[in-house]
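Okay, here's what each chain looks like letter by letter:
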Amino acid sequence: MRVMAQMAMVMNLDKCIGCHTCSVTCKQAWTNRQGTEYVWFNNVETRPGLGYPRGYEDQEVWKGGWEVTANGRLRLKAGGRLTKLLNIFSNPKMPSIQDYYEPWTYDYETLLNAPAQDTFPVARPTSLISGKHINIEWSANWDDDLGGSTEHAAKDPMLKGIEDKVKFEFEQTFMFYLPRICEHCLNPSCAASCPSGAIYKREEDGIVLVDQDRCRGWRMCVTGCPYKKVYFNHKTGKAEKCTFCYPRVEVGIPTVCAETCVGRLRYIGLMLYDADKVLEAAAVEDEHDLYEAQRSVFLDPRDPAVQREAERAGIPGDWIEAAKKSPVLKLITDYKVALPLHPEYRTMPMVWYIPPLSPVVDVIKDTGYDAEDKDNLFAAIDALRIPIEYLANLFTAGDTRPVEAVLRRLAAMRSYMRDINLGRDPQAHIAEAVGMEEEEMYEMFRLLAIAKYGDRYVIPTAHGEQAHALEELATDCPVSSFDEELLDSSGPFGEGSGRGAVTPVAVENLKMLQERAQSETLVSGGGKRGRVNLLNWDGRGMPEGLFPQRQKGVEPPSGGDSPQQPTDDRSVLEDGQARPDNVAGADGGQQR
Amino acid sequence: MSTFLWVIFPYICLATFVVGHVWRYRYDKFGWTTRSSQLYEDKLLRIGSPLFHFGILFVAVGHFMGLIVPQSWTERAGMSQELYHIVALLGGLPAGIACLVGLAILVYRRRTVGPVFRATTVNDKVMYAVLAVVIVLGMWNTIAGTLLNLGIAGDHYNYRDGVSPWFRQIFWFQPDASLMEGAPLGFQLHALLAFLLFAMWPFTRLVHVFSAPIGYFTRPYIVYRSRDERPGTATGTRAQKRGWERVP
Ligand code: HEM
Ligand code: SF4
Ligand code: SF4
């Protein structure tokens with residue numbers, strides 16, 4: 001057994017409202033640069049639909065991921081090492097910019113400069129690739145909300161086998177949103193495809209990254225990834241991909257997409273797995289067994305034997321504790337409601353999904369029956385073959401049984417909770433019908449419906465703070481140690497350097513953001529050692545140290561003396577006005 | 001003048017080549033890439049790029065044969081002068097033509113495909129110009145050289161008596177400039193411009209040649225790396241560095 005830890009995510013699709021906030025915030029954070037205009041590390045697709053890039057799921061065309069050979073070995077679908085190198089001068093299976101979409105801007109200038117005239121001036125779209133005026137015909141979410149689906153959605157590769165039964169007529173179809181990021185696979189085919197070995201999986205948390213200094217632009221990874229989540233930056237000539245926001249995760253803060261998710265449907269936590277078993281599991285013959293095979297690779301951190309092995313593998317104690325509390329573990333292993341996206345690609349993806357019950361619920365509602373009644377729901381799950389087969393094509397390589405099991409649990413939870421919410425006696429038999437205890441069902445409800453920030457994101461820090469601190473100490477300018485005065489406050493290069501401040505500012509900033517995001521009360525941007533950190537000041541309350549201390553005998557401002565618990569009573573009291581309600585980028589205390 | 005052209009200039013170029021690469025590798029690893037333009041266009045690239053690359057790699061092998069391996073070796077192996085040149089012509093000509101045609105397609109593509117042209121820097125253009133001239137001259141020499149050598153046209157000239165020894169001497173640090181003085185103009189220009197290309201090499205996209213990924217054959221498919229190579233960061237499954245063991 002070789003225990004490794006993996007940062008993983010689960011998304012609850014029933015709660016996705018398709019608002020694209022995750023995509024936009026991610027883009028602002030990571031890909032708002034030249035060369036990555038067309039790149040969306042996080043994108044949200046309407047299903048059924050073609051997705052982004054167009055039709056990426058059809059691996060007979062794109063040749064992403066792995067396949068098993070006749071003798072049961074894994075092979076890259078796009079060909080082995082020799083094939084790769086022979087094709088290196090021009091990659092035969094690389095999506096072109098048209099398969100993504102040609103990014104554009106508008107020449108707003110004409111709006112401002114146009115002379116007075118009878119007709120309104122128009123800002124025409126200009127391609128960011130060719131610099132010419134273009135006709136916009138496709139984008140990263142062109143078929144959003146089934147727009148134009150009579151034309152496009154029928155080409156969805158996941159409709160295979162059921163295409164004749166799905167009608168794309170209004171009110172006769174089903175639809176849901178699928179937000180996607182890189183899967184940070186256990187068996188990443190992107191990394192395996194990279195001739196220079198620039199893509200690596202981090203030993204500590206399993207995040208898959210591209211080393212920008214080692215990437216040489218051979219662009220084989222783009223083909224290798226079946227989810228098409230490695231992108232080629234056409235300005236720098238290097239591959240880029242979702243980073244799982246590692247600078248945030250390392251200090252215990254969730255990814256940008258998760259943090260800003262409006263539906264609060266993303267869960268982040270650790271999974272422990274046995275690295276020795278990954279290849280074997282990825283190579284099982286029957287595609288339908290892949291879901292179970294991947295689950296068999298996971299280890300239960302509550303098992304003392306696993307804990308011992310994990311410790312031996314050097315996984316720190318707080319990581320094992322975090323793994324025990326991981327919401328992802330609960331959803332995948334305990335409640336068994338999360339499923340992997342496209343296990344048939346055999347990359348062992350680690351962003352899992354709770355399939356949506358809504359297609360089923362909607363149908364019952366439309367027919368006028370009680371959509372919260374267990375029997376109605378169960379009957380519908382049995383009867384509604386089309387959405388279920390479709391979901392199975394996405395999440396279980398076409399095997400409908402696991403999808404049905406998950407939907408039954410969700411349906412049972414729905415009707416079980418209805419009784420509680422209406423003040424009726426809870427009915428234990430509903431939970432039993434899907435093989436769960438009442439308490440377990442209630443816990444699952446809490447996690448899925450009303451879990452707090454700290455329960456949705458259980459992210460241990462990477463002990464990076466120590467590393468930086470140690471390094472800063474070790475490489476510190478020796479002169480500063482003579483300067484007793486500076487020792488306490490600042491180093492030779494000003495505040496934040498040298499011995500005076502062992503915590504790098506970036507880490508400090510993130511720590512404070514985290515505190516704010518997780519605290520039960522509204523806090524103002526607190527100061528450290530009386531310093532004011534305006535970067536983290538959100539305008540509410542008064543950071544300690546912003547103004548000099550008052551004279552003796554005068555009441556000190558209610559910033560308090562302790563920097564740890566700053567309050568912002570002032571903002572509540574001032575003019576008797578309510579404080580603005582937006583808690584920037586965080587679930588502040590008030591909605592708990 | 002002769003000394004400058006055939007002794008000093010080559011050394012300047014080679015020194016730039018070596019030092020330039022070291023410098024670029026140390027200070028611009030991020031810029032060390034093929035700068036692939038496949039995202040913009042791939043139909044022409046699909047034909048042009050493999051033609052050019054396989055051609056030029058074969059030509060490189062040919063240069064190794066012609067310049068590095070002394071004539072005496074091939075003769076000892078029982079290869080006559082005529083036979084050698086016929087082999088060289090039969091091998092070199094197709095490779096050269098493939099390379100030239102490929103290059104023509106690539107240049108045509110660079111010029112006519114809008115996004116590719118937009119992404120073409122001045123650096124690229126100069127590099128392309130020099131590269132193209134070197135290759136064209138080389139082709140010309142192959143044809144003319146063979147004819148000359150076989151005495152079919154003009155005076156007899158065997159580059160393996162002139163250019164090749166001079167080239168090898170550069171690496172023994174005692175080049176004899178007079179060996180090149182006697183060479184036909186085509187050979188002289190080809191050699192000079194080739195050295196110029198070497199001098200430009202580290203500052204162009206051609207650096208990608210030196211990262212040809214041969215290691216791919218031997219490395220494991222999945223690369224694992226630690227979060228952080230800095231000392232004191234022994235977390236996860238990574239071993240602690242000596243002297244940085246954590247206090248239990
Ligand atoms: C040693 C093995 C080599 C490999 C693996 C290699 C690989 C590549 C790759 C992947 C590209 C990018 C093509 C694209 O997608 O746009 C490229 C472009 C290029 N390579 Fe190479 N190359 C090699 C050797 C050479 C040599 C020896 C030369 C010339 C001296 C050369 C000259 C070029 C040029 C000029 C381009 C630009 C083509 C264009 O886009 O117009 N390469 N190479
Ligand atoms: S989903 Fe991510 S880790 Fe998996 S193959 Fe694609 S880029 Fe690599
Ligand atoms: S922010 Fe959340 S709810 Fe909105 S599209 Fe993204 S995943 Fe869905």
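Refer to the structure printed above.
The structure presented is a predicted model; accordingly, all values stated were derived computationally and were not measured.

Draft legend 1. Here's a closer look at the coordination of the iron atom of ligand 1. Residue and element names in this part refer to chain B. Only His53 (NE2) and His208 (NE2) from the protein reach the iron atom of ligand 1 as donors, at distances of 1.9 to 2.1 Å. With six donor atoms in place around the iron atom of ligand 1 and angles of 85 to 178° between them, the coordination shape is octahedral. One end of the pair, His53, is in helix H2 (residues 43-68); the other, His208, is in the loop between helix H9 (185-200) and strand S1 (223-225), with 155 residues separating them in the sequence. Judged by its relative accessible area of 17%, His53 falls in the buried class. Look at His208 and you get buried, because its relative accessible area is 14%.

Draft legend 2. Molecular detail of the pattern of salt bridges. Residue and element names in this part refer to chain A. One pass over the structure, following the stated rule, counts 30 salt bridges over all chains. Put simply, Glu60 and Lys77 hold a salt bridge, and the shortest N to O gap is 3.4 Å. Highlighted residues: Glu60 in helix H2 (residues 59-62) and Lys77 in the loop between strand S4 (74-76) and helix H3 (81-86), separated in sequence by 17 residues. Since its relative accessible area comes to 55%, Glu60 is described here as exposed. Between Lys324 and Glu321 there is a salt bridge; the shortest N-O distance is 3.0 Å. With Lys324 and Glu321 both in helix H13 (residues 317-324), this residue pair falls three residues apart, about one helical turn. Using a relative accessible area of 39% as the deciding quantity, one classes Glu321 as partly exposed.

Draft legend 3. Geometry of the interface of chain B and chain A. Facing 46 residues of chain B, the contacting portion of chain A comprises 71 residues. For the pair chain B and chain A, the summed buried area comes to about 5500 Å², and 57% of that belongs to carbon and sulfur atoms. When the area that chain B buries against chain A is broken down by residue, the three leading residues are B:Leu39, B:Arg225 and B:Arg227, summing to 16%. Applying the counting criterion to the chain B and chain A interface returns one salt bridge.

Draft legend 4. Representation of the pairing of strand S8 (residues 199-202) of chain A. All names here are of chain A. Neither face of S8 is exposed, since Ile199 and Lys201 on one face and Tyr200 and Arg202 on the opposite face are all buried. In the sheet, S8 pairs with strand S9 (residues 208-210) via three bridges, with the strands oriented antiparallel. Paired with Ile199 across the bridge in S9 is Val210. Between S8 and the antiparallel strand that follows it, S9, lie five residues; Gly206 among them carries a positive phi value of about 75°.

Draft legend 5. How the structure looks around the nonpolar core. Grouped together as the largest cluster of nonpolar side chains are 159 residues, with contacts concentrated most on A:Tyr38 and A:Leu331. For this core, the element with the most residues is helix H18 (residues 400-421) of chain A, which contributes nine residues. Ignoring anything within four residues of it in the chain, the contact list for A:Leu331 reads A:Val10, A:Tyr267, A:Lys336, A:Val337, A:Ala338, A:Ile354, A:Leu447 and A:Leu448. Formed by 20 residues, the second largest nonpolar core is a distinct cluster that contains B:Tyr159, B:Ala177, B:Ala183 and B:Ala191.

Draft legend 6. Inspection of the packing of H2(B) against helix H4 (residues 81-112) of chain B at higher detail. For the pair H2(B) and H4(B), the least separation of the axes is 7 Å and the interaxial angle reads 145°. In this structure, H2(B) meets H4(B) at a crossing whose hand is left-handed.

Draft legend 7. How the structure looks around the site of ligand 1. Not every one of the 24 residues close to ligand 1 is listed here, only the nearest: A:Arg219, B:Ser36, B:His53, B:Tyr128 and B:His208. Flanking ligand 1 are residues from chains A and B. In the environment of ligand 1, an oxygen atom lies 2.7 Å from a nitrogen or oxygen atom belonging to the side chain of A:Arg219. Where the shell around ligand 1 is concerned, the elements lending two or more residues are H2, H4 and helix H6 (122-149) of chain B. The leading source of residues in the shell around ligand 1 is H2(B), at five residues. Of the residues assigned to the shell around ligand 1, the class counts are 14 nonpolar, six polar and four charged.

Draft legend 8. Focus on a nonpolar patch on the surface. A surface patch of nonpolar side chains, about 510 Å² in accessible area, is lined by A:Leu82, A:Leu86, B:Phe54, B:Ile214 and B:Phe217. The class for B:Phe54 is partly exposed, based on a relative accessible area of 39%.

Draft legend 9. Local environment of the sheet that holds S9(A). Pairing is mixed across the open sheet formed by three strands, whose spatial order is S9(A)-S8(A)-S1(B). Taken across any chain shown, the strands that pair with only one partner, and hence form the sheet edges, are S9 of chain A together with S1 of chain B. The sheet shows a mean angle of 45° between the axes of neighbouring strands, taken without regard to direction.

Draft legend 10. Quick look at the sheet that holds strand S13 (residues 298-299) of chain A. Residues and elements named next belong to chain A. Across the sheet, five strands lie side by side as S13-S12-S1-S15-S14; this open sheet has mixed pairing. Looking at strand neighbours, the two that pair on one side only are S13 and strand S14 (339-340), the edges of this open sheet. Examined bridge by bridge, S14 and strand S15 (residues 351-354) share two bridges and lie antiparallel to one another. The partner of Leu339 across the bridge, within S15, is Tyr353. Here helix H12 (residues 304-312) sits on the sheet in contact with strand S1 (3-12), strand S12 (266-274) and S13, set at roughly 115° to S1.

Draft legend 11. Up close: the side chain of B:His190. For B:His190, the location among the structural elements is in helix H9. Ignoring anything within four residues of it in the chain, the contact list for B:His190 reads B:His63, B:Val134, B:Leu137, B:Gly138 and B:Asn141.

Draft legend 12. Structural detail: H2(B). Taking 1.5 Å per residue, 26 residues should reach 38 Å; H2(B) reaches 38 Å between its end C-alpha atoms and fits that length. Regarding H2(B), the residues found buried are B:Leu45, B:Gly48, B:Ser49, B:Pro50, B:Phe52, B:His53, B:Gly55, B:Gly66 and B:Leu67.

Draft legend 13. Broad picture of the pairing of S12(A). All names here are of chain A. Along S12, nine of the nine residues are buried, which leaves the element largely enclosed by surrounding structure. Bridge count between S1 and S12: nine bridges; the pairing is antiparallel. Pairing of Val3 across the sheet is with Asp274, part of S12. In the sheet, S12 pairs with S13 via two bridges, with the strands oriented antiparallel. What sits directly across from Tyr273, in S13, is Phe298.

What counts as what
Residues numbered from 1 in each chain as written. Chains lettered and ligands numbered in written order. Predicted model: local features only at pLDDT ≥ 70, side-chain atom pairs only at ≥ 80, totals over all residues. Heavy atoms only, no water. Donors = N, O, S within 2.8 Å, 3.2 Å for Na, K, Ca; no water. Tetrahedral: all angles 85-135°; square planar, octahedral: opposite > 155°, others 65-115°. Helix = DSSP H or I, 4+ residues; strand = E, 2+ residues; numbered from the N terminus. Buried < 20%, exposed > 50% of the residue type's maximum accessible area, 1.4 Å probe, protein only. Salt bridge = Lys/Arg side-chain N within 4 Å of Asp/Glu carboxyl O. Contact = heavy atoms within 4.5 Å. Buried area = accessible area lost by both parts, 1.4 Å probe. Pairing = 2+ DSSP bridges. Core = buried A, V, L, I, M, F, W, Y, C linked by side-chain atoms within 4.5 Å. Axes fitted to C-alpha atoms, helices over the stretch in contact; angles between N-to-C directions. Left-handed = near helix turned anticlockwise from the far one by under 90°. Near = heavy atom within 4 Å. Polar contact = N/O pair within 3.5 Å; in protein donor to acceptor, adjacent residues only side chain to side chain. Nonpolar A, V, L, I, M, F, W, Y, C, P; charged D, E, K, R; others polar. Patch = residues over 30% accessible without salt bridge, like charges linked within 9 Å, V, L, I, M, F, W, Y side chains within 5 Å. Areas by Shrake-Rupley, 256 points an atom, 1.4 Å probe, with all protein chains shown as cover. Expected span 1.5 Å × (residues − 1).

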